[in-house]
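Listed below, chain by chain, are the residues.
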Amino acid sequence: MRDAKAGGTTDWAHRVLATVSQQIGAGGPSEVARLAQQLDQAPWWEGCPSATDLPGAEMAPGYRRVPLISATDAGYSALLIVWPPGHGTPIHDHEGLWGIELVLDGVIEVEAFSLALEPQLALVSKGATMLGVGDHAAFSDSDYAHRCRNLSVHRPALSLHIYGGELEGFRAFDRDAKGRWNGVEHRVRREAALT
């Protein structure tokens, strides 16, 4: 059973950050996979929040980012993302950062894409995966993009995100009327930290 009390959630967040700090390395594929394995039980650690523990989860028009730590403080960033019912992202990248996205509550669909910038922008779907509690998507390549969607139309979902630096922006991708891919730069908005 999850401890929804603020103190329990704070302790849980500190345990997550301690685990990441112990495992962090150069951020190559083996380190990312090892870190994901170390965190796979985090949804069952005492104090793990649920999506409804974070205010506004059911009413938000878009996803909500709740920082746990910034890259300035630790060399990596960690945050929670609250997904409103049915919410999805556009196809987007992560500015070349490695990352792990772990589902803590709910079910999220992740469709991964190979991304090529030369000779022209091109994205090729690698397929979609459904991630339930304890499942994760991990990436360590700069040629990676994806889109995510909360599969429930009735309840919010919650995921933990660890990135190999500060995610300050991203490119969102879509196709024009002629079928060519376009990328548009976006800046990430900041929210108050949980801890």
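All figures in this text were calculated on a predicted structure; none of them were measured in a lab.

What follows covers the packing of aromatic side chains. Counted according to the given criterion, the structure contains 2 aromatic pairs. Ring geometry for Phe 139 and Tyr 144: centres 4.6 Å apart, planes at 10°, overall stacked. In this pair, the class of Phe 139 matches that of Tyr 144, namely buried. Considering the side-chain rings of Phe 139 and Tyr 163, the 6.5 Å spacing of their centres and the 40° angle between planes classify their relative orientation as tilted.

A separate point is the pairing of strand β6 (residues 122-131). Looking at chain direction, strand β5 (residues 108-116) and β6 are connected through 9 bridges and run antiparallel. Across the sheet, the residue bridging to Glu 109 is Met 130, located in β6. Connecting β5 to the antiparallel partner β6 that follows it, the hairpin turn spans 5 residues.

Once that is clear, we can look at the sheet that holds strand β9 (residues 157-163). What the 5 strands build is an open sheet, ordered β1-β2-β9-β4-β7; its pairing is antiparallel. Two strands in the sheet have a free side with no partner beyond their single neighbour: β1 (64-69) and β7 (136-139). On average, each strand axis in the sheet is tilted by 20° relative to the strand beside it, whichever way the strands run. Bridging between strand β2 (residues 77-83) and β9 involves 7 bridges; their strand directions are antiparallel. The residue bridging Trp 83 from the neighbouring strand is Ala 157, located in β9.

Here we come to the nonpolar core. Counting 27 residues, the largest nonpolar core has Trp 12, Val 16, Leu 39, Leu 80, Leu 104, Leu 160 and Ile 162 as the members making the most contacts within it. Breaking this core down by element, the ones donating at least two residues are α1 (6-23), α2 (29-39), β1, β2, β4 (99-105) and β9. A per-element tally of this core places α1 first, with 5 residues. With residues near it in sequence (within four places) discarded, Leu 39 still touches Val 16, Thr 19, Val 20, Trp 45, Leu 102 and Ile 162. Leu 97, Leu 131, Ala 137 and Tyr 163 belong to the second largest nonpolar core, which has 16 residues in total.

Moving on to the pairing of β4. Among the 7 residues that make up β4, 7 are buried, leaving the element largely enclosed by the rest of the structure. Bridging between β4 and β7 involves 4 bridges; their strand directions are antiparallel. Counterpart to Glu 101 in the pairing with β7 is Ala 137. Inspection of the sheet shows β4 paired to β9 by 6 bridges, in the antiparallel sense. Of the residues in β9, the one forming a bridge with Glu 101 is His 161.

The rules we used
Residues numbered from 1 in each chain as written. Predicted model: local features only at pLDDT ≥ 70, side-chain atom pairs only at ≥ 80, totals over all residues. Heavy atoms only, no water. Phe/Tyr/Trp six-rings, centres within 6.5 Å; stacked < 30°, edge-to-face > 60°. Buried < 20%, exposed > 50% of the residue type's maximum accessible area, 1.4 Å probe, protein only. Pairing = 2+ DSSP bridges. Helix = DSSP H or I, 4+ residues; strand = E, 2+ residues; numbered from the N terminus. Axes fitted to C-alpha atoms, helices over the stretch in contact; angles between N-to-C directions. Core = buried A, V, L, I, M, F, W, Y, C linked by side-chain atoms within 4.5 Å. Contact = heavy atoms within 4.5 Å.

Spatial relationships are all this shows, so hold off on functional conclusions.
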